[in-house]
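Survey of secondary and tertiary structure
Each chain, letter by letter, is given below.
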Amino acid sequence: MDDSEEDTLAIENLEIASFVPRTLLNKMKQLRPNNSNPDVPFRVVISVYFNDRFFQESLGENSRGTNGKIVSVTVPGYGSELPERLPVFVREVDPARNSSCEFWKFLRNDGDDTSRWSPIGCESSGKWNNVNLCKCSHMTSFSRIFLDAVGAEKLTEEHPNAELILDTITLVGCLLSLFGIVGIFITAIVFPRWNDLFNTKILLNLSFAVAIELIVFTFIGYFSRPDDDMWCAVQGASIHYTILVTFMWMLVIAHLQFMQFVKVLGKLRPTHCVLKATIVSWVLPLAPVGFFFFQNNDLYLPKKNYTSDICFPHDQAQFYGLLIPIALILTVNLACFLLIMYHVSRAPDNLTRSTNKNMALLQLRLLVLLFFQLGLSWMFGMMITENAHLVWSYLFCFTAPYQGLMLFVNFILLQPSTRRLWSKKIAEVVTQNYDRFALKKSTSSSQPPMWL
């Protein structure tokens, strides 16, 4: 355990080796379950297999074999997630063969899902004299929130660099969106009368829900799973609730936009609309979350034998409590989106003949706004659930995390009334500072000279 990678690679005729670095061992000791007996020694079990007879994939023609011996490193009483990477040294039997660092992933045999080799969380750190140095741990990303385990592996196997690229795109989008939402709330603080507008109240509720969701998805991968199962279940249920709240506000906005652009005539919004929308959007999601949490809170714990260590709803809670509600809301929102764009595109000729260019720009702006405001980008996430294809992953990560930024651009930067408020405010600040500077300068110049 006090070995180094250089010392291990220097071993003559090295075939296979692995060790737990001292830093990793100390972290694992600190993360031991609270109910473990401190008097029991901390053991590391290392096993070596000279062939892959016990590791056969059931993938038909795509089944692969190993290109070296197999080493197994386990710590009794500790999970599969490691706080840092574990070095593994393997001499390749056939140096000319294209090989990769992978680990054996056990899956439940409840259908077509069978155990297989997986590259998730493993990377090659180089090769010396046909000895390959692999470093493995288990990672997760925003783009796989909607992926099942098998789909995530397929994506990573086919495109090894996709995870890093998607994570980077997601992180940039989440941060930009958070800055945009901060800008929306700064506007609300600086201009209190702006908050009295009906549209502003709806916007602030949606922005707040989106902000919580973005914070969760931005930083969830940087925190390890809580040791206490109950706290982990509460964390998973909170994520479940946050997502549903966001989609409920998107559904409210879809209804209001439909009434404005399609119905047009009659009573466009009910009395106490904001109060009713707030109750429906913030209270109604408690029903499915509470049902699954109190029925079986294990549904919010990380699945055993799966690489993801996120406290997130799965199985019945994910399918019936998350995916089906999201799919239903997206279906309604998509129908509203298509009807709105249809009615807008069929405006009377006498209203658009002289301003075709301006009308086209307004229609394009409305299309983009509704696409993000109604959460239609999450349809790409639903497509990933059905088929882990790289195109859907990129479309999802290029659109869903940028929702907050698009809200800021449309309602703050492109809205004439809001621009006027900020222009007037900035002009007042500049004028006040200029007058203060001029007064200070004139005062200092009018003082009589001091004679010593």
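Placed above this text is the structure.
Below, the structure is looked at part by part. (Residues numbered from 1 in each chain as written. Predicted model: local features only at pLDDT ≥ 70, side-chain atom pairs only at ≥ 80, totals over all residues. Heavy atoms only, no water.)

In this structure, I184, I243, F247, W249 and Y300 are the most contacted members of the largest nonpolar core, which totals 80 residues. With 17 residues, the top contributor of residues to this core is helix α6 (residues 229–263). Among residues more than four places away in sequence, those in contact with I184 are W194, L203, L204, S207, L407, F408 and I412. Counting residues in each nonpolar core, the second largest holds eight residues, with I16, F103, C122 and C134 among its members. (Core = buried A, V, L, I, M, F, W, Y, C linked by side-chain atoms within 4.5 Å. Buried < 20%, exposed > 50% of the residue type's maximum accessible area, 1.4 Å probe, protein only. Helix = DSSP H or I, 4+ residues; strand = E, 2+ residues; numbered from the N terminus. Contact = heavy atoms within 4.5 Å.)

Now for the state of the cysteines. Following the criterion strictly, the structure yields one disulfide and no others. C232 shares a disulfide with C311; S-S distance 1.8 Å. Note on the C232 and C311 pair: the S-S dihedral is about -110 degrees, so by sign convention the disulfide is left-handed. Of this pair, C232 sits in helix α6 while C311 sits in the loop between α8 (286–295) and α9 (315–345), placing them 79 residues apart in sequence. Not part of a disulfide, C397 finds its nearest cysteine sulfur in C174, a span of 8.9 Å. Using a relative accessible area of 0% as the deciding quantity, one classes C397 as buried. (Disulfide = S-S within 2.5 Å.)

On the surface, a nonpolar cluster with roughly 340 Å² of combined accessible area is contributed by V182, I186, I189 and V190. With respect to the helices and strands, the residue I189 is situated in helix α4 (residues 162–190). Judged by its relative accessible area of 67%, I189 falls in the exposed class. (Patch = residues over 30% accessible without salt bridge, like charges linked within 9 Å, V, L, I, M, F, W, Y side chains within 5 Å. Areas by Shrake-Rupley, 256 points an atom, 1.4 Å probe, with all protein chains shown as cover. Salt bridge = Lys/Arg side-chain N within 4 Å of Asp/Glu carboxyl O.)

A separate point is α8. Along α8, the residues classified as buried are V289, G290, F292 and F293. Each element contacted by the buried residues of α8 is listed here: α6 and α9.

By definition, the strands of a sheet pair up through backbone hydrogen bonds, in either a parallel or an antiparallel sense. Spatially, the four strands line up as an open sheet ordered β1-β4-β8-β7, and their pairing is antiparallel. Strand pairing shows two members of the sheet lacking a second neighbour, β1 (16–18) and β7 (122–128), which therefore form its edges. Strand after strand, the sheet turns through a mean of 20 degrees between neighbouring axes, direction not considered. Direction of pairing for β7 relative to strand β8 (residues 131–136): antiparallel, over a ladder of five bridges. (Pairing = 2+ DSSP bridges. Axes fitted to C-alpha atoms, helices over the stretch in contact; angles between N-to-C directions.)

With that out of the way, let us pick up the pattern of salt bridges. Tallying each qualifying case throughout the model produces two salt bridges. Here R91 and E15 are joined by a salt bridge, their closest N and O atoms 3.9 Å apart. Taken together, the positions of R91 in strand β4 (residues 86–91) and E15 in the loop between α1 (5–9) and β1 put the pair 76 residues apart, joining distant regions of the chain. Linking E92 and K127 is a salt bridge whose minimum nitrogen-to-oxygen distance equals 3.0 Å. Taken together, the residues span a long stretch of sequence, with E92 in the loop between β4 and β5 (103–105) and K127 in strand β7 at a distance of 35 residues. Take E92: its relative accessible area is 8%, and that puts it in the buried class. Residue classification places K127 among the partly exposed positions, given a relative accessible area of 42%.

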